[in-house]
Amino acid sequence: MIGADNNELEQLIQNDKFIRWVIAPDASSDQYWHSWQNEYYSRKELVEEAKQIVLSIYRSEAANTVNPTDDIIRQSWQKINNQTQNPEVSKPVRTFRWYKYAAAAAVIIAVAITWVKLGSAIAPVNQTVPEPQTVQTKSEIVISNSESRDKIINLPDGSRIILAKSSAITYNRLFNNDTREIFLSGEAFFEVAKDATRPFYVYSGNVVTKVLGTSFRIVSDSKTDKVTVAVKTGKVTVFRKNKEQEDKDKYILKPSEQLVFENVKTNPLKQIVANKALIENNLPAVTQFDFESASLPSILEALSKHYSVEIVNSNSRPEPCLVTASLSDGSLYDKLNFLHKVTGIEYYVKNQVIYVDSKECK
Amino acid sequence: MRKGMAWEKRVDSSSELWRNFCNGDKEAFADLYQIYARPLFSYGYRISDNENQVKDAIQDLFVELWKSRENLDQAVNVKSYLFKSLRYKLIRQGKFSTVYTSEELMDQFMNNEQSVESVISEKEAHRERTAQVRLALETLSARQQEAISLKFYHGFTNEEIASIMAVNYQSATNILHRALLSLRKHFTCAATTSFLGFFCFLDFF
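Residues numbered from 1 in each chain as written. Chains lettered and ligands numbered in written order. Predicted model: local features only at pLDDT ≥ 70, side-chain atom pairs only at ≥ 80, totals over all residues.

A.B. asks: Looking at this model, I keep getting lost on the overall build of chain B. Mind explaining?
C.D. replies: Each helix and strand counted, chain B has ten helices and zero strands in total. Along chain B, helices and strands appear, N-terminal first, in the series α-α-α-α-α-α-α-α-α-α. Taken over 205 residues, chain B has a buried fraction of 40%. (Helix = DSSP H or I, 4+ residues; strand = E, 2+ residues; numbered from the N terminus. Buried ≥ 20, exposed ≤ 12 C-beta atoms within 10 Å, placed from the backbone.)

A.B. asks: Hey, could you run me through the overall build of chain A in this one?
C.D. replies: Counting secondary structure elements, chain A contains eight helices and 19 strands. For chain A, the residues scored as buried account for 35% of the 362 residues in total. A separation threshold of at least 6 residues defines the contact pool for chain A, and within that pool the share at least 24 residues apart is 50%. (Contact = placed C-beta atoms within 7 Å.)

A.B. asks: Please clarify how the nonpolar core should be interpreted in this entry.
C.D. replies: It is characteristic of soluble globular proteins that their nonpolar side chains tend to be buried jointly. Judged by nonpolar contacts, the single largest core of 61 residues is most densely connected at Val-54 of chain A together with Leu-32, Leu-40, Ile-58, Leu-86 and Ala-147 of chain B. With residues up to four places along the chain from it excluded, the contact list for Leu-86 of chain B reads Leu-40, Tyr-43, Gly-44, Ala-57, Ile-58 and Leu-61 of chain B. Counting residues in each nonpolar core, the second largest holds 56 residues, with Leu-174, Val-236, Val-238 and Cys-361 of chain A among its members. (Core = buried A, V, L, I, M, F, W, Y, C linked by C-beta atoms within 7 Å.)

A.B. asks: Mind showing me how you'd approach the sheet that holds strand β11 (residues 236-240) of chain A here?
C.D. replies: Sheets are built from strands that pair by backbone hydrogen bonding, the pairs being arranged parallel or antiparallel. Residue and element names in this part refer to chain A. An order of β1-β4-β5-β7-β8-β11-β12 is seen for the seven strands of this open sheet, with the pairing classed as mixed. Looking along the sheet, the strands with just one partner apiece sit at the ends: β1 (140-145) and β12 (251-253). Going from strand to strand, the sheet's axes swing by 20° on average, the running direction of each strand aside. Where β1 meets strand β4 (residues 167-172), six bridges bridge the pair, whose relative direction is antiparallel. Each bridged residue has a counterpart across the sheet, and for Ser-144 the counterpart in β4 is Ala-168. (Pairing = 2+ DSSP bridges. Axes fitted to C-alpha atoms, helices over the stretch in contact; angles between N-to-C directions.)

A.B. asks: Looking at this structure, how should I read the packing of helix α4 (residues 43-64) of chain A against helix α8 (residues 142-153) of chain B?
C.D. replies: Think of two packed helices as two axes; the pair is described by the angle between the axes and how far apart they sit. Relative orientation of the contacting elements α4 of chain A and α8 of chain B amounts to 110°, with a least axis distance of 9 Å. One finds that α4 of chain A runs roughly perpendicular with respect to α8 of chain B. Touching Val-54, Ile-57, Tyr-58, Glu-61 and Ala-62 of chain A of α4 of chain A are Ile-148, Ser-149, Phe-152 and Tyr-153 of chain B, all from α8 of chain B. (Parallel < 35°, antiparallel > 145°, perpendicular 65-115°, else oblique.)

A.B. asks: For this particular structure, what's the right way to read helix α3 (residues 27-38) of chain A?
C.D. replies: Along an α-helix, residues three or four apart share an orientation, since each turn contains 3.6 residues. Helix length check: α3 of chain A (twelve residues) gives 17 Å between terminal C-alpha atoms against 16 Å at 1.5 Å per residue, within 8%. Summarising burial for α3 of chain A: one of the twelve residues are buried, a small minority. (Expected span 1.5 Å × (residues − 1).)

A.B. asks: Looking at this structure, how should I read the sheet that holds strand β18 (residues 346-350) of chain A?
C.D. replies: Residues and elements named next belong to chain A. The mixed open sheet is built from three strands, whose spatial order is β16-β19-β18. What marks the edges here is a single partner per strand, and that holds for β16 (311-314) and β18. Put simply, the sheet's adjacent strands are angled 25° from each other on average, direction ignored. Note: β18 against strand β19 (residues 353-357), five bridges, orientation antiparallel. What sits directly across from Tyr-347, in β19, is Val-356. Taken strand by strand, helix α7 (residues 296-307) contacts β16 and β19, and its axis lies near 165° from that of β16.

A.B. asks: Can you walk me through the environment of Thr-343 of chain A in this structure?
C.D. replies: Residues and elements named next belong to chain A. You can see Thr-343 is positioned in helix α8 (residues 332-343). Among the residues examined, Thr-343 registers 18 C-beta atoms within 10 Å and is labelled partly exposed. Sequence separation between Thr-343 and Ser-358 is 15 residues; the distance between their C-alpha atoms is 8.5 Å.

A.B. asks: Can you help me understand the pairing of β11 of chain A in this one?
C.D. replies: Walk down a regular strand and you will see the side chains alternate between the two sheet faces. All names here are of chain A. Counting buried residues along β11, four of its five residues qualify, which places the element largely inside the surrounding structure. Bridge count for strand β8 (residues 207-211) against β11 is four bridges, and the pairing is antiparallel. For Val-207, the partnering residue across the bridge sits in β11 and is Arg-240. Of the strand pairs in this sheet, β11 and β12 are connected by three bridges, and their pairing is antiparallel. Within the sheet, the bridge partner assigned to Val-236 lies in β12 and is Leu-253.

A.B. asks: Just checking my understanding: could you explain the packing of helix α5 (residues 70-83) of chain A against helix α3 (residues 51-67) of chain B for this structure?
C.D. replies: Remark: α5 of chain A packs on α3 of chain B, axes separated minimally by 9 Å, with the N-to-C direction vectors making an angle of 40°. Judged by the inter-axis angle, α5 of chain A sits oblique to α3 of chain B. Two packed elements cross with a definite hand, and for α5 of chain A against α3 of chain B that hand is right-handed. Two secondary-structure elements touch here, α5 of chain A through Ile-72, Ser-76, Lys-79, Ile-80 and Gln-83 of chain A and α3 of chain B through Lys-55, Ile-58, Gln-59, Phe-62 and Val-63 of chain B. Here the contact of α5 of chain A with α3 of chain B is composed, by residue class, of five nonpolar, three polar and two charged. (Left-handed = near helix turned anticlockwise from the far one by under 90°. Nonpolar A, V, L, I, M, F, W, Y, C, P; charged D, E, K, R; others polar.)

A.B. asks: Mind showing me how you'd approach unusual backbone geometry here?
C.D. replies: Of all residues except glycine, most have a negative phi; of all peptide bonds, most are trans. Residue and element names in this part refer to chain A. In this model, Asp-225 sits at a positive phi of 65°, which is unusual for a non-glycine residue. Along the polypeptide, Asp-225 turns up in the loop between β9 (215-221) and β10 (226-233). With 17 C-beta atoms counted inside 10 Å, the residue Asp-225 sits in the partly exposed group. In the Ramachandran plot, Ser-308 falls in the positive-phi region, its phi being about 50° despite a non-glycine side chain. Take Ser-308: it is sitting in the loop between α7 and β16.

A.B. asks: What should I look at first to understand the environment of Ala-162 of chain B in this one?
C.D. replies: Residue and element names in this part refer to chain B. Secondary-structure assignment places Ala-162 in helix α9 (residues 158-164). Its 21 C-beta neighbours within 10 Å are what place Ala-162 among the buried residues. When the C-alpha atoms of Ala-162 and Ser-80 are compared, they prove to be 9.8 Å apart, with 82 residues separating the residues in sequence.

A.B. asks: So what exactly am I meant to see when it comes to the confidence of the model for chain A here?
C.D. replies: Detailed reading of the predicted coordinates is not advisable wherever pLDDT falls low. Mean pLDDT over chain A stands at 76; residues scoring 70 or higher make up 80%. With pLDDT under 50 throughout, residues 87-137 of chain A is counted as low confidence; its partners more than four residues away or in other chains account for 52 contacts. (pLDDT = per-residue confidence, 0-100.)

A.B. asks: For this particular structure, what's the right way to read the confidence of the model for chain B?
C.D. replies: This prediction gives chain B a mean pLDDT of 73; 65% of its residues lie at or above 70. Note that residues 1-6 of chain B has pLDDT below 50 and, in this model, 17 contacts with residues that lie over four places away or in other chains.

A.B. asks: Is there a simple way to explain the environment of Lys-265 of chain A in this structure?
C.D. replies: All names here are of chain A. Relative to the helices and strands, Lys-265 resides in the loop between β13 (257-261) and β14 (269-272). By C-beta crowding, Lys-265 is classed as exposed, having 7 other C-beta atoms within 10 Å. Along the chain, Lys-265 and Asp-225 lie 40 residues apart, while their C-alpha atoms are 9.6 Å from each other.

This is the structure in structure tokens:
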């Protein structure tokens, strides 16, 4: 089964560049390893086998790794933040880049309310009111809807949300973590893009809703702690947040079913959705980006606006780079990958900002 | 893209943040926390099974970093420095220090093929390769497992692993080499065991 190439295989699976290519390929490593394996006929098989080994180790490590919950990350930061407030350091530290957060004071107030609610749900034993956030990191984005009509939000993974009035969501701006997590205060309809490798969680009050790709609505009332989860398509798993294990006391909902938690204590009630309006998908057709001889900056601006992310076009060339493309399917990252393939631009993620290097644009 | 923080391009990405943080930029400090908290927790849970201890250690680590920011090396390899500091903290707090003292002995003991065989046959049901690798991983010594995780999950180079685990470069390479050898053995074995029986070892030796 394995012959003289044993040594080569051993070397390959210990090669850091090779591992990085297998786990997180990019254009330049793709090119390098493809041409490397094309040098000799026998290398194709070698690379394939090495790849399988590296991948299976990575996967099993990933499956074996315990990840901290967002709550723990947040709580820990609050503690760290509290202990590192030294007033003597009064250098003009940029605590908050106001201009980056499009909406002004209203949003900030919404943050505070959401967090207080979440905070109390997280730590029922430790009834300290979380202190107002003095530093908000750029990684979290809060979108609230104070208008009288619904607001549509496009997430970078291609999922879409209809946020009802007086509601707010919080999520990781680039939405590129191993799990997709949304904190909801109020009411929203979710149309979740399929991604079996990254489950999508919605935290509302003390109820957690987990899906892979489906559509559903959540109505949560922070005053009464009542939470309703109503499913339109697909399968949805719902469980209480304070349950350590999601396997325990979880409820699986099918289309047209709903689960109603009247309050924090009593068991929820599973029913057929009576109010069909709850599971009406009022989302418009998926936005189609048709660009004809459009300049790259204008395309990036359109994407940046659509997905509420910051995209910086660095290293642009003096002569314009015109692109004709139709971008409709998939996530923001699918679109960027497509642009990469078509135009040769590179992009990378740093400090919650997507940097695009367009010097190779053609 | 999808691999979370562990595999982001970290060429330079943190060094600028780190420098800003050393110069007192609280926002840069918050960003560093956001970038590294997750992998640090995951790594900490691997070393210690006491989640509170890991939480405390990470909080202490960051508070200490902030307090000593003016004296820190501005040109440090940020990620491996943080991992190394966390590891040192957890191990210094006792109980784990003994796990790793006689590494060689441990590795030899744990590489006992017999035990692997029985583990695999016991859990024949795990057909999937990932499950098999995981089983094989469990037969490695704690130190080998740690090195494998740092390399294949957290994306560190051998040099960085040596620094984190406080051993020299050659030892780190040896640990990994032996771990992989042992893993590969189980692989082939597990893949062929159903019809080749005990011949599976012959593929390698």
